[in-house]
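Chains, contacts and geometry: an overview
So the chains spell out like this:
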Amino acid sequence: MRLIAFSIILFSFVFQGFGQSTAYVTGRVTDIDNYPIELANVVVENTQAGTSTNYTGKYKIIVPANIDVVIYFSTVGYERQKHTVNLKPGERKRLDVQLEMTAEKLEEIEVAEERKRYSTVFHINPRTLDQLPDVTGSVEGLVKTMPGVSSNNELSNQYSVRGGNYDENLIYVNGVEIYRPFLVRSGQQEGFSFLNSDMVANLSFSAGGFEAEYGDKMSSVLDIQYKEPVGWGGSVKAGLMGGAATVWGGSKNHRLTQITSFRYKKSGYILNTLETSGDYNPTFSDIQTYITYDLTENLEIGFIGNYSNNEYRFIPSNRETDFGLVNNALRLKVYFEGQEVDQFITSQGAFIVNYKPTDDFSLLWSASAFLSSEAETFDILGEYWLNQVDSNLGSSTFGDSVGSLSVGSYLDHARNYLNAVVYNFGHKGNYSVANHDFKWGIKWQVEDISDEISEWMMLDSAGYSLPPDGNTTDVFTDSIATLFETRRFSNSLYSNRFTAFLQDTWNTQIDSTQLYVTGGLRAQYWDFNKQLLISPRATIAIKPMWQKDWLFRLAGGVYYQPPFYKEVFDKYGNINYDIKAQESYHLVAGADYNFKAWRRPFKFVTELYYKKLKNLIPYSVDNLRIIYEGDNNADGYAAGIDMKITGEFVKGVDSWLSVSVMQTEEDLKNDSYVVTNTQGVESVVYPGSIYRPADQRVTVNLFFQDYFPGNPTWKVHLNMVYGSGLPFGPPNSPRYTATGRMPAYRRVDIGMSKSLISSDRTYENRKGPVKWFKDFWIGVEVFNLFDINNTISYTWVRDVYNREYAVPNYLTSRLFNVKLQAKF
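Residues numbered from 1 in each chain as written. Predicted model: local features only at pLDDT ≥ 70, side-chain atom pairs only at ≥ 80, totals over all residues. Heavy atoms only, no water.

So, about empty space enclosed by the protein. For the structure on display, the rule yields nine cavities of 30 Å³ or more. Looking at the largest cavity, its volume works out to about 550 Å³. Those elements that provide at least two residues to the lining of the largest cavity are β16 (233-239), β17 (242-250), β18 (256-265), β45 (775-783) and β48 (815-823). Here the lining of the largest cavity is built from residues that sort into twelve nonpolar, 13 polar and eight charged. (1 Å grid on protein atoms, 1.4 Å probe; cavity = no way out; pocket = protein on both sides within 12 Å on 5 of 7 lines; lining within 4 Å. Points joined across faces, edges and corners; volume = space filled by probe spheres on them. Helix = DSSP H or I, 4+ residues; strand = E, 2+ residues; numbered from the N terminus. Nonpolar A, V, L, I, M, F, W, Y, C, P; charged D, E, K, R; others polar.)

Structure, rendered in structure tokens:
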């Protein structure tokens, strides 16, 4: 509260009345698709008066009163516009401008990015979202192509960054932190993420070493700004897996703006390419809106709202999986009974008040709430046969099952429910003076979460129930049903969380070297464990005035991640009241280089990093589900290098290649086992450091765009992913037994599109319905072009002799998709 009072007092000193011989023009500069244009020039003719737009495209300029004033709006790659105004003394006028691209394609200059080079948070072009061939069609699909980011599941929006798990990533939309459902265990269930690609105006991402203004997670931050449109319009998308409709517009005086989008998806089309056959009936839908209203030229209120209903229904019938080696080919055949019915209903809303009396001073207040009601229910009986397959090419029974290794069944049951309410109130401020840029913020958050978990699995082989530890000597009977795995508990957690930060960015020039320094402190207190955390963070960037355009960065800091909900409990639901925050100490050294090749612009970025990890909460991963051990029982590290080159490999369109090499390990405390040698002498073995679950050593992402020579309306988009294998081990076993490696994740998706109507080209003689469209294109996509079987997890089959077989669960096969998009 003191900081808010300080903000108001500070405003009273900063804001002063202006003279009556002048007037004011404010507004927003965007392109015809409502993407904001940053650093566009706004200049008054025949005067020295001028300004530039900020990252949201907004500007404010003082003009003479009582005369005709000509204002020019211009930036590289767009047609210049001029507007004439004649205002009374003290009058304020709103003037929004949409710039059109030049007919002749100019060399792309990333001026907007130049201002952000000193930070570890870098800009991603959101226009690429429409071209990226991706199963989910989400914003996260684009993030997965960035250096340091890895994902081995095309059905999911989740990703890991530099050895972290899915829960270690921050996501913001217009400064509001976004949450996701808790009970989702597979990509088939997940549905839509909150982020709507049709509403995104700006997209920024950091894989580590980010500033104190961002929250308390150990791995990454994704910061998104939604569009504030200046004119009416809309778009429609449709494909074989669903579609979306978006409408945007505003009032005549431009004080009111809104953008609203509805999405619908039935992913049964792609799920039918999975190895398990059955009746897939998933239905995912959501509606989202962003509304702003300018009460005055300096005061804006906004609302973001989202409602999502993701339902997953599945009745499996059978599965057949071939695996093993050439000289030991195996086949698992399973027949199913039962069904799965899941529902995830989430909603999130936020009110935002933004007060900006001057270009150098702004205050923001926000109130947001997140609600989630989740249910996961299934009863599935599987009867399986594990057979040897004849792999002799000259045999008359080649490819047939020739011997039975195991016959059994399993019954999988779950009745899991969760309800969550998270709401918060926050304040942020920004004040720039001289060569300093101060930022501060405070937030109070309340979390009320409860769940009821009841799930078990009975594993049977040849009529006998197998115990979880595999010890068949104690329980080996056909009259006692022993559950192989069981989790049954009910918990709730109500808590308050308080956070605050203070940050300053200072820039200066020393001789011929430009220097940027950002330093800040972040504090958090959680009343559940009574832990107060202080996180110092700093970034130094140096840009020498060399002939070649290099910039060097060094960032570091302390990144605490307090438990949220799942981390507080172990796999059996026991609560740990002494749980502490996980700790990550980042050191990131980076450089980027802007250069030209073939007379086209290119950019090379690299970061070398080391993260020291303390008080880790060990966990295991099954598909998307993370199960924590509920104790700060490990220390570890993550180290690696990320590289990315972006540029016009083909003239006029951007492509990029990302390469990451990383290793992450952890040392669990007090883990050991006893071995007995041939003489019967026992000794204790301490495993030491072991691979963390997200230890994906090598990741390569390629996004490549091309067009037909002489006909740029035909375009081709290629997305290639390679990720080395992740660690895995048998279920219900100590972590140090996870010494196996999944096969590498390899996938190529390709798309081809034809632009039938484009806003870049003029059509003077349009007639009929065509005249209403700005853009219209149709595309064809091939997912998993080479039909590679990628493994997401394993089904473990055990025979009565306690031999275990890891049967891979494969992801989707090759699939064709047709989609179209129209903008009007």
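Structure's up, so let's keep going.
Before going further, it helps to spend a moment on the packing of aromatic side chains. As enumerated under the stated definition, the model contains 37 aromatic pairs in all. For the pair F425 and W444, a centre-to-centre distance of 5.7 Å together with 25 degrees between the ring planes defines the contact as stacked. Taken together, the positions of F425 in strand β24 (residues 401-433) and W444 in strand β25 (residues 436-461) put the pair 19 residues apart, joining distant regions of the chain. A relative accessible area of 42% means that F425 is categorised as partly exposed. According to the relative accessible area criterion, W444 is partly exposed, its value standing at 36%. On the numbers, 4.9 Å between centres and 35 degrees between planes, the contact of W526 with F528 is tilted. Taking relative accessible area as the criterion, F528 reaches 14% and is therefore assigned buried. In textbook terms, an aromatic cluster arises when at least three aromatic residues are bridged by ring pairs, as seen for W546, W550, F552, Y593, F595, W598, F602 and F649. Over the face of the ring belonging to Y24 we find K60, whose NZ or CZ atom lies 5.9 Å from the ring centre. Over the ring of Y609 we find R162; its NZ or CZ atom is 4.2 Å from the centre of that ring. (Phe/Tyr/Trp six-rings, centres within 6.5 Å; stacked < 30°, edge-to-face > 60°. Buried < 20%, exposed > 50% of the residue type's maximum accessible area, 1.4 Å probe, protein only. Lys NZ or Arg CZ within 6 Å of the ring centre and 35° of its normal.)

Strand pairing within a sheet occurs via backbone hydrogen bonds; the two strands may be parallel or antiparallel. On the basis of which strands lie adjacent, the open sheet formed by four strands has the order β3-β2-β5-β6 and antiparallel pairing. Either end of the sheet is taken by a strand with one partner, and the two such strands are β3 (50-52) and β6 (81-85). Across the sheet, the mean angle from the axis of one strand to that of its neighbour is 20 degrees, orientation sign disregarded. Across four bridges, strand β2 (residues 41-44) lies against strand β5 (residues 69-74) in antiparallel orientation. (Pairing = 2+ DSSP bridges. Axes fitted to C-alpha atoms, helices over the stretch in contact; angles between N-to-C directions.)

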